[in-house]
Amino acid sequence: METARPPGEVSEKHWWRSGVLYQIYPRSFADANGDGIGDLQGVIDHLEHLEWLGVDGIWLSPVSVSPNADFGYDVADYCDVDPDYGDLATLDRLVTEAGRRGIRVLMDLVPNHTSDRHRWFQDARTSKGARHRDFYVWADGQPGGAPPNNWVSTFGGPAWALDETTGQYYLHNFLPEQPDLNWWNPEVRDAFDDILRFWWDRGIAGFRIDVCNMVIKDAALRDNPPSGPGDPFIEQMFGQRWLYNANRPEVHEVIRHWRSLAERYDPPRLLLGETNVEELGTLAEYYGTGNDELHLGFNFPFIEAPLAAGALRAIVEDTEALLPDGAWPVWTGSNHDVSRLATRWAGGDDHKTRLALMMLLTLRGTPVLYQGDEIGLPDGPIERGDVVDPVGQRFWPAYKGRDPERTPMPWGPSEGGGFSAAGVATWLPLGDPAARNVADQRAEPDSVLGFVRRLIALRRGQPALSAANYRSLDAPDGVWCFSRGESVTVALNFSDRTVECDAVAGSIVMSSDPGRPGGPAGGPAGPVLDLGPWEGVVLVGP
Ligand code: NOJ
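Being a predicted model, the structure only gives us computed values, none of them experimental.

**Concerning the nonpolar core**
Of all hydrophobic cores here, the largest spans 140 residues; its most connected members are Tyr-22, Ile-58, Phe-302, Met-359, Trp-480 and Phe-494. Counting residues domain by domain, this core receives three or more from each of domain 1 (114–180) and domain 2 (467–540). Val-479, Leu-529, Leu-531 and Val-537 belong to the second-largest nonpolar core, a separate cluster that totals 11 residues.

Now the structure itself:
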């Protein structure tokens, strides 16, 4: 099936609705200059892969200047590229080259906090009267010296650090090297307007917005109440409900403002929020009325669900029911913060990986693939001595951190995996590139890579798969069936058994099982559809 895009599609206002997005973690994508760290030239060098695969947009995890206490999520200069990755000219070239291939480039915006090396914070900590003091959240300790309130950092420990020079505490919802910005300060808002325009004016198609639900905190800095058994796991783990340090009502005003800026561009710049919330009702709120806040908000309950028909179907049904009219879901199974789907969902079983990918690419909404998903890449091999993620360093071995999902992309079987030249020490271990890599899978049409490419092409060839309504259909236990509009049915078997499904209409146009009799392109399903273990099929027609 052809992957060529219909002319004009790229200039559509809602290009991302029919599109497939792909997250690049630049440090681990491709190392063009041989220093063991991926870079922007490496991304340019592999645009052909992305075009061949059929993706419409890439989201680059942060490439702004950073001392890397949290690998780019601690920004020291929002308007320049970190030398590890290249420079502004290389980024401009990436945008141009990607555009030529019909691929748009999104960047990562980190508005909740800066690096402690950012010039604003460097100035803010010099004195209580410093010019940028109020860019951050400062408070006196309690009598006796305890921090100002009971908030805990997402990365463990108190969310407050004492600044010896001025004798006050500053807030950090992540590392102490990531001081939280004060979004009550209009000057902070103006500064970010400038940052948005800086990138959008250069042709950046939008932003993934880091913890966008957290940027505003309770103005009175009230203590969070204790959590209880009914609360989300993370709140139970930290012993408190995140009532006053996240999801404050005032954050919606900030997002509405960003949306109004985004809509001034043609096409509007895309706002893809990292809505790190546990309740679907809360997620839905970040879409506003359906057209005045985020265009897309990541669905963490979906990412965190088990690979099971009932659990996933329930989340999708609830999401569909809760999102306001005009809103568009987003589905993803991996990112740089969670174990890759091939490990977490599939336990290394390619049948399960293919099923999961079929699900992501056939639901109503924008799929976001994480680099490596397309070859079913599992988490990388990380030993204690390899750990560079500060969260892994803090919690090892109870939690090994996020390095396993950040290991370099294996492009080929040779030493260095085509990521770096042979003999180069990579920033995280590559594992055995001969075990699984892009080049080998590209030579094998029935590989996971070949399957993902065909699925993306099928999406493009069947507009119902990107545009039409979702409806759950009756299905036997362990099977999830849904229709997309009148013409497309998807049947996914999340069990180890062969299951007979009746009343499934249409002809099979694709199966996730390369061994399906009649070939993976299938044929008429007949009155009863036999779905093999962990097999998914797409059917078209009455
Ligand atoms: C979410 C990002 O995805 C994660 O990698 C980062 O550590 C935190 N936000 C803090 O910026």
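**Points about the domain arrangement of the chain**
As assigned here, the chain comprises domain 1 (114–180) and domain 2 (467–540). The C-alpha-based centres of domain 1 and domain 2 are spaced at 54 Å.

**Considerations on the pairing of strand β20 (residues 536–540)**
Burial of β20 is extensive: five of the five residues sit out of reach of the surface. With burial as the criterion, each face of β20 is covered, one bearing Gly-536, Val-538 and Val-540 and the other bearing Val-537 and Leu-539. The pairing of strand β16 (residues 488–493) with β20 spans five bridges and is antiparallel. Bridging from a neighbouring strand, Val-490 pairs with Val-538 of β20. With four bridges connecting them, strand β18 (residues 507–511) and β20 associate as antiparallel partners. Bridge pairing in β20 places Ile-508 opposite Leu-539.

**Looking at the site of the ligand**
Lining the immediate surroundings of the ligand are Asp-70, Tyr-73, His-113, Phe-155, Phe-174, Arg-208, Asp-210, Glu-274, His-336, Asp-337, Arg-402 and Arg-406. Contact distances for the ligand include 2.5 Å between an oxygen atom and a side-chain N or O atom of Asp-70. Taking Arg-402, its side chain carries an N or O atom lying 2.9 Å from an oxygen atom of the ligand. Protein coverage of the free-state accessible area of the ligand, which is 300 Å², stands at 97%. Of the residues contributing to the shell around the ligand, the split by class is three nonpolar, two polar and seven charged.

**Points about the packing of helix α13 (residues 350–362) against helix α16 (residues 448–461)**
Orientation of α13 relative to α16, taken along the N-to-C sense of each, is 20°, at an axis distance of 10 Å. If you check the angle between α13 and α16, you find them roughly parallel. Crossing of α13 against α16: the hand is right-handed. Contact residues: α13 offers Asp-350, Arg-354, Leu-357, Met-358, Leu-361 and Thr-362, while α16 offers Val-448, Phe-451, Val-452, Leu-455, Ile-456 and Arg-459. Looking at side-chain class alone, the contact of α13 with α16 contains eight nonpolar, one polar and three charged residues.

**Overview of the packing of aromatic side chains**
Any pair of aromatic rings gets described here by the distance separating the centres and the angle formed by the planes. This structure, assessed with the given rule, holds 27 aromatic pairs. Between Phe-155 and Phe-174, the ring centres sit 5.1 Å apart and the planes meet at 70°, which makes this aromatic pair edge-to-face. Of the two residues, Phe-155 is situated in the loop between β6 (138–139) and β7 (160–163) and Phe-174 in the loop between β8 (168–171) and α6 (186–201); the sequence distance between them amounts to 19 residues. Residue Phe-174 is classed as buried on the basis of its relative accessible area of 9%. With a centroid separation of 5.8 Å and 90° between ring planes, the pair formed by Phe-302 and Trp-345 is classed as edge-to-face.

**Let's talk about the environment of Ala-308**
Within the fold, Ala-308 resides in the loop between α10 (300–304) and α11 (309–322). Given the relative accessible area of 28%, Ala-308 is considered partly exposed. For Ala-308 and Phe-192, which are 116 residues apart along the polypeptide, the C-alpha to C-alpha distance reads 41 Å.

**A few points about the pattern of salt bridges**
Taken as a whole, this structure holds 26 salt bridges when the rule is applied. Residue Arg-131 is joined to Glu-187 by a salt bridge in which the shortest nitrogen-to-oxygen separation is 2.7 Å. In this pair, Arg-131 sits in the loop between α5 (119–124) and β6 while Glu-187 sits in helix α6, placing the two residues 56 residues apart along the sequence. For Glu-187, a relative accessible area of 36% puts it in the partly exposed group. Among the salt bridges present, the one from Glu-263 reaches Arg-259, with a minimum N-O distance of 2.6 Å. A single salt-bridge network, built from bridges that share partners, covers Asp-70, Asp-337, Asp-389, Arg-402 and Arg-406.

The rules behind each value
Residues numbered from 1 in each chain as written. Predicted model: local features only at pLDDT ≥ 70, side-chain atom pairs only at ≥ 80, totals over all residues. Heavy atoms only, no water. Core = buried A, V, L, I, M, F, W, Y, C linked by side-chain atoms within 4.5 Å. Buried < 20%, exposed > 50% of the residue type's maximum accessible area, 1.4 Å probe, protein only. Domains from an automatic or database assignment. Helix = DSSP H or I, 4+ residues; strand = E, 2+ residues; numbered from the N terminus. Pairing = 2+ DSSP bridges. Near = heavy atom within 4 Å. Polar contact = N/O pair within 3.5 Å; in protein donor to acceptor, adjacent residues only side chain to side chain. Areas by Shrake-Rupley, 256 points an atom, 1.4 Å probe, with all protein chains shown as cover. Nonpolar A, V, L, I, M, F, W, Y, C, P; charged D, E, K, R; others polar. Axes fitted to C-alpha atoms, helices over the stretch in contact; angles between N-to-C directions. Parallel < 35°, antiparallel > 145°, perpendicular 65-115°, else oblique. Left-handed = near helix turned anticlockwise from the far one by under 90°. Contact = heavy atoms within 4.5 Å. Phe/Tyr/Trp six-rings, centres within 6.5 Å; stacked < 30°, edge-to-face > 60°. Salt bridge = Lys/Arg side-chain N within 4 Å of Asp/Glu carboxyl O.

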